[in-house]
Amino acid sequence: MPVEHLVILGAILFCIGLFVVLTRKNAIAVLIGVELMLNASNINLVAFSHFDPDLLQGQVFALFVITVAAAEAAVALAIVVKVYQYFQTADLDKISELKG
Amino acid sequence: MISLLQSNNASDLKDQLGNLSEDVWMLAPEISVVIALLLLLGFDLLFKKNKEIGLASIAFCGLASTFVILTFQWTNFSTDLMIMGNLLRYDQLSVFLKLIFSLGGALGLIIAARNGEKNNLFQTGESLVILFGLFLGVFLMTMATNLLMIYLSIEVVSICSYMLTGILKGKRKAEAALKYLLFGAVSSAVMLYGISWLYGFTGTLDVTSQAFISGLSEVSVLPLTIALIMTIGGIIFKLGAVPFHIWSPDVYQAAPTAIVSIFSTLPKLAALTLLFRVINVLPAGLFDWQLILGVVAIASMIFGNFSALWQKDAKRMLAYSSIAHAGFLLVGLVAYTEAGNTSMLFYGAMYLVMNVGAFLLIAILERRTGSAAFDDMRGLGMKMPFLGILVVIVMIALTGLPPTVGFNAKLYVFSAIWEAYQVQNNSILLWVFILGLLNTVVALFYYLKLPYYLFFKTGEKTVLEKSSIPDHIWGTIMVLPLLIWFFQSEWLMNVLNSINFVF
């Protein structure tokens, strides 16, 4: 498969992720959008490692990104649970005590 | 690591491993931080009651040993080195920054220790463990020269920051942590996408390598600009400058004051270092980063200062002030001269001292009144004149007026940008210069608001607790350097001038 197809797939995935992040009101949905954006970068990294003389840097980077994304998701869900305990909702428009 | 992957035969691998084990000595400060982290974790699990003294002593000993190792590295520094298979760079800049970071971290812990029983960080080990994770992250940020390390170190700092914001009980803390997390996750995802394109353009992750520079020169302007703006955007998020500042007022207002004093200094300076390293490897004329960072600096100064005018809460006001300070820090970077680099570092070091001092005093006042709102602080200066005077000095330093070192810092930064304008004749430098100076005047109005409430308003609210002698001592220790260095700033400038900024 040519590299261009993979890069275009990555770009589409990134745009979908960004769209989800910007339009959805639910915290969990926003996190799913972020996950899509990270995976778009992973596709890019793996695709571009085709041109890399060492051939591996991008793939190793993608493995690190997967690990970091898992850690971030764990922390994110913990915080969402905590917010839900206080606000009884995960709707971002209704979570707005801090203003000024 | 990457060069390890390249090696094909066994003897080559053996050499590489030998090099890595030599490089470990350069990482002694990081290892010291990790050992302290593990000790805190173990101590927290083993003991059930009265953990405060043990945890506090491990934390302070860990930072002290880190500081001693760094002093040793600073005095015995010989030459700049790329270590761990070109992932990190060991140079004077990183050692100096780590020195002031370990000092700033210790001061932050002192604020936490002075905070008394309520919401004490030392009661459970978790928050201290995460705090040491943050220290490890900022240490690595000062050394990272590889896109992988840049991403990982920023993520280490970010994830620790989200947890520290929300770890204590409270509705507002949870909300601030969620907002911080969502903004942070999106901005790091955008940065990662930019990084993946930079990797695609160049075929390497090492920003100092020749392949990276020559690869960038072959790309057309538009994709290169987009990828670089995405990458720099993620770093600017950690710097807390406009347009990636939205999280900071909420986080600063809600998080514990000791934690905020660390958030507002360490990650900011580390991000500035990363930005410095990235723009210094860019080939000249490819991408007008001076224009972009100049606009970011001007926007941060204007937005931070004007928003701070309307705040009713001291911590929220300091949040906007730190956005403005991010702009002032960028001024030295935008100048792009030797003097600009030195003045940026001077400003950064002084900003750390001033800000930690300001948060210490706010924490002391907050303990008396139960909140950091201006209304609750009415008339406190009359009841505690000594602390009131210390607040006035810190606020004058943050504004940048003599006789405090804040004046020297602003003077160096703005004279650097003026000289740079005369040499480079770039109009954005002139705009940064003029608008920056005007902003300093605006800053005066809100920085003097807190002293005004302390001394000229009368309040009926009773003081919960008498001011104690240790408060006075710590306040003096943090404020006195601001006055002394106003007269003795050449000493620090000489130290900074000895730093070699060249790659």
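In this text the structure is predicted, and so the values were computed from the model without any measurement. (Residues numbered from 1 in each chain as written. Chains lettered and ligands numbered in written order. Predicted model: local features only at pLDDT ≥ 70, side-chain atom pairs only at ≥ 80, totals over all residues. Heavy atoms only, no water.)

Caption draft 1: Region of the structure containing the overall build of chain B. On a plain count of helices and strands, chain B comes out with 23 helices and 2 strands. Taken against the 2.2 N^0.38 rule, which gives 23 Å for 503 residues, the C-alpha radius of gyration of chain B at 22 Å falls within 12% of a compact globule. Across the 503 residues in chain B, those meeting the buried criterion constitute 63%. For chain B, the proportion of contacts with a sequence separation of at least 24, taken over those separated by at least 6, is 79%. Looking at chain B as shown, the accessible area adds up to about 18400 Å², and 68% of this sits on carbon and sulfur atoms. Looking at charge distribution, chain B has the averaged site of its 28 positive side-chain charges lying 14 Å from that of its 27 negative ones. (Helix = DSSP H or I, 4+ residues; strand = E, 2+ residues; numbered from the N terminus. Rg over C-alpha atoms; globule rule 2.2 N^0.38 Å. Buried < 20%, exposed > 50% of the residue type's maximum accessible area, 1.4 Å probe, protein only. Contact = heavy atoms within 4.5 Å. Areas by Shrake-Rupley, 256 points an atom, 1.4 Å probe, with all protein chains shown as cover. Lys, Arg positive; Asp, Glu negative; His and termini not counted. Charge placed at Lys NZ, Arg CZ, Asp CG, Glu CD.)

Caption draft 2: How the structure looks around the packing of helix H2 (residues 27-48) of chain A against helix H8 (residues 171-202) of chain B. The geometry of H2 of chain A relative to H8 of chain B is characterised by a closest axis approach of 9 Å and an angle of 15 degrees between their N-to-C directions. Between H2 of chain A and H8 of chain B, the angle falls in the class roughly parallel. For H2 of chain A against H8 of chain B, the interelement crossing comes out left-handed. The residue inventory of the contact of H2 of chain A with H8 of chain B, partitioned by class, reads 20 nonpolar, 4 polar and no charged. (Axes fitted to C-alpha atoms, helices over the stretch in contact; angles between N-to-C directions. Parallel < 35°, antiparallel > 145°, perpendicular 65-115°, else oblique. Left-handed = near helix turned anticlockwise from the far one by under 90°. Nonpolar A, V, L, I, M, F, W, Y, C, P; charged D, E, K, R; others polar.)

Caption draft 3: The layout of surface pockets, seen in detail. Space inside the largest pocket adds up to approximately 660 Å³. Considering the residues around the largest pocket, the lining is formed by 25 residues, among which Val 21 of chain A together with Leu 182, Phe 183, Val 186 and Ile 246 of chain B are closest to the centre. Tallying contributions element by element places H8 of chain B first for the lining of the largest pocket, with 7 residues. Its residues assigned to classes, the lining of the largest pocket shows 17 nonpolar, 3 polar and 5 charged. (1 Å grid on protein atoms, 1.4 Å probe; cavity = no way out; pocket = protein on both sides within 12 Å on 5 of 7 lines; lining within 4 Å. Points joined across faces, edges and corners; volume = space filled by probe spheres on them.)

Caption draft 4: Examining the interface of chain A and chain B more closely. On the side of chain B, 49 residues touch chain A, which itself brings 45 residues to the contact. Overall, the association of chain A and chain B removes approximately 4100 Å² of surface from exposure, summing both partners, and the carbon and sulfur fraction of that is 75%. Three residues stand out in chain A for area buried against chain B, namely Gln 57, Phe 61 and Leu 98 of chain A, and they jointly supply 18% of the buried area on that side. The interface formed by chain A and chain B contains 2 salt bridges. Glu 97 of chain A is the partner of Lys 171 of chain B in a salt bridge, and the nearest nitrogen-oxygen pair spans 3.7 Å. The interface formed by chain A and chain B holds 9 residue pairs in polar contact (both at pLDDT 80 or more) in total. Within the residue set of the side of chain A that touches chain B, elements represented by two or more residues are helix H1 (3-23), H2 and helix H3 (57-87) of chain A. A total of 17 residues in the side of chain A that touches chain B trace back to one element, the largest contributor, which is H3 of chain A. Residue composition of the side of chain A that touches chain B, grouped by class: 31 nonpolar, 8 polar and 6 charged. (Buried area = accessible area lost by both parts, 1.4 Å probe. Salt bridge = Lys/Arg side-chain N within 4 Å of Asp/Glu carboxyl O. Polar contact = N/O pair within 3.5 Å; in protein donor to acceptor, adjacent residues only side chain to side chain.)

Caption draft 5: Focus on the nonpolar core. Counting residues in hydrophobic clusters, the biggest one holds 222 residues, and the most contacted among them are Phe 61 of chain A together with Phe 101 and Tyr 151 of chain B. Tallying contributions element by element places helix H16 (residues 338-369) of chain B first for this core, with 19 residues. Once residues within four sequence positions are removed from consideration, Phe 61 of chain A is found in contact with Leu 45 of chain A together with Leu 147, Leu 148, Tyr 151, Leu 192, Ile 195 and Leu 205 of chain B. (Core = buried A, V, L, I, M, F, W, Y, C linked by side-chain atoms within 4.5 Å.)

Caption draft 6: How the structure looks around empty space enclosed by the protein. All names here are of chain B. Across all of its chains, the model carries 6 cavities of 30 Å³ or more by this definition. Volume-wise, the largest cavity comes out at about 70 Å³. Around the largest cavity, the lining residues are Leu 93, Leu 97, Ile 100, Leu 269, Leu 272, Thr 273, Phe 276, Met 344, Leu 345, Gly 348 and Ala 349. Sorting the residues of the lining of the largest cavity by element identifies helix H5 (92-113), helix H13 (266-281) and H16 as the ones contributing at least two each. The residue makeup of the lining of the largest cavity, split by class, is 9 nonpolar, 2 polar and no charged. In this structure, the second largest cavity encloses a volume near 50 Å³.

Caption draft 7: Local environment of the environment of Ser 32 of chain B. All names here are of chain B. Residue position: Ser 32 is located in helix H3 (residues 28-46). For Ser 32 and Ser 65, which are 33 residues apart along the polypeptide, the C-alpha to C-alpha distance reads 6.9 Å. Contacts of Ser 32, omitting those with residues within four sequence positions, involve Gly 62, Ser 65, Thr 66 and Ile 69.

Caption draft 8: Representation of the environment of Ile 389 of chain B within the structure. Residues and elements named next belong to chain B. In this fold, Ile 389 is placed in helix H18 (residues 385-399). Overall, the relative accessible area of 45% leaves Ile 389 in the partly exposed class. In this structure, the C-alpha to C-alpha distance between Ile 389 and Leu 454, residues 65 residues apart in sequence, is 9.7 Å.

Caption draft 9: Representation of the packing of aromatic side chains in the model. All names here are of chain B. Taken as a whole and judged by the stated rule, the model has 29 aromatic pairs over all chains. Ring geometry for Phe 328 against Phe 414: centres 6.0 Å apart, planes inclined by 85 degrees, an arrangement best described as edge-to-face. Taken as a pair, Phe 328 in helix H15 (residues 314-335) and Phe 414 in helix H19 (residues 405-424) lie far apart in primary sequence, 86 residues in all. In this structure Phe 328 comes out as buried when scored by relative accessible area, which is 4%. (Phe/Tyr/Trp six-rings, centres within 6.5 Å; stacked < 30°, edge-to-face > 60°.)

Caption draft 10: Here's a closer look at the packing of H3 of chain A against helix H7 (residues 147-166) of chain B. The contact between H3 of chain A and H7 of chain B brings their axes to 11 Å, and the two run at 10 degrees. Considering the angle they form, H3 of chain A stands roughly parallel to H7 of chain B. Mapping the contact onto sequence places Phe 61, Phe 64, Val 65, Val 68, Ala 71, Glu 72, Val 75, Ile 79 and Lys 82 of chain A in H3 of chain A and Leu 147, Leu 148, Tyr 151, Leu 152, Glu 155, Ile 159, Tyr 162, Met 163 and Gly 166 of chain B in H7 of chain B. Partitioning the contact of H3 of chain A with H7 of chain B into residue classes produces 14 nonpolar, 1 polar and 3 charged.

Caption draft 11: Structural context of H18 of chain B. Residue and element names in this part refer to chain B. Over its 15 residues, H18 extends 21 Å from the first C-alpha to the last, a length consistent with the 21 Å expected when each residue adds 1.5 Å. Listing the buried residues of H18 in full gives Leu 387, Gly 388, Leu 390, Val 391, Ile 393, Val 394, Met 395, Ala 397, Leu 398 and Thr 399. Taken together, the buried residues of H18 touch H15, H16, H19, helix H20 (427-447), helix H21 (449-456) and helix H22 (469-487). Where H18 terminates, the next one or two residues include Gly 400, which has phi positive at roughly 100 degrees. (Expected span 1.5 Å × (residues − 1).)

Caption draft 12: Broad picture of the confidence of the model for chain B. Summarising the model, chain B shows a mean pLDDT of 88, and 95% of its residues fall at 70 or more. Element-level mean pLDDT values for chain B span from 49 in helix H1 (residues 2-6) of chain B up to 95 in H7 of chain B. (pLDDT = per-residue confidence, 0-100.)

Caption draft 13: Inspection of unusual backbone geometry at higher detail. Residue Pro 243 of chain B is reached from Val 242 of chain B by a cis peptide bond, and omega for that bond is 5 degrees. Structurally, Pro 243 of chain B can be placed in the loop between helix H10 (221-239) and helix H11 (247-254). For the bond running from Pro 402 of chain B to Pro 403 of chain B, omega is 0 degrees, close enough to zero to count as cis. Mapped onto the elements, Pro 403 of chain B comes out in the loop between H18 and H19. Here the phi dihedral of Gln 88 of chain A falls at roughly 60 degrees; this positive angle occurs in a residue that is not glycine.

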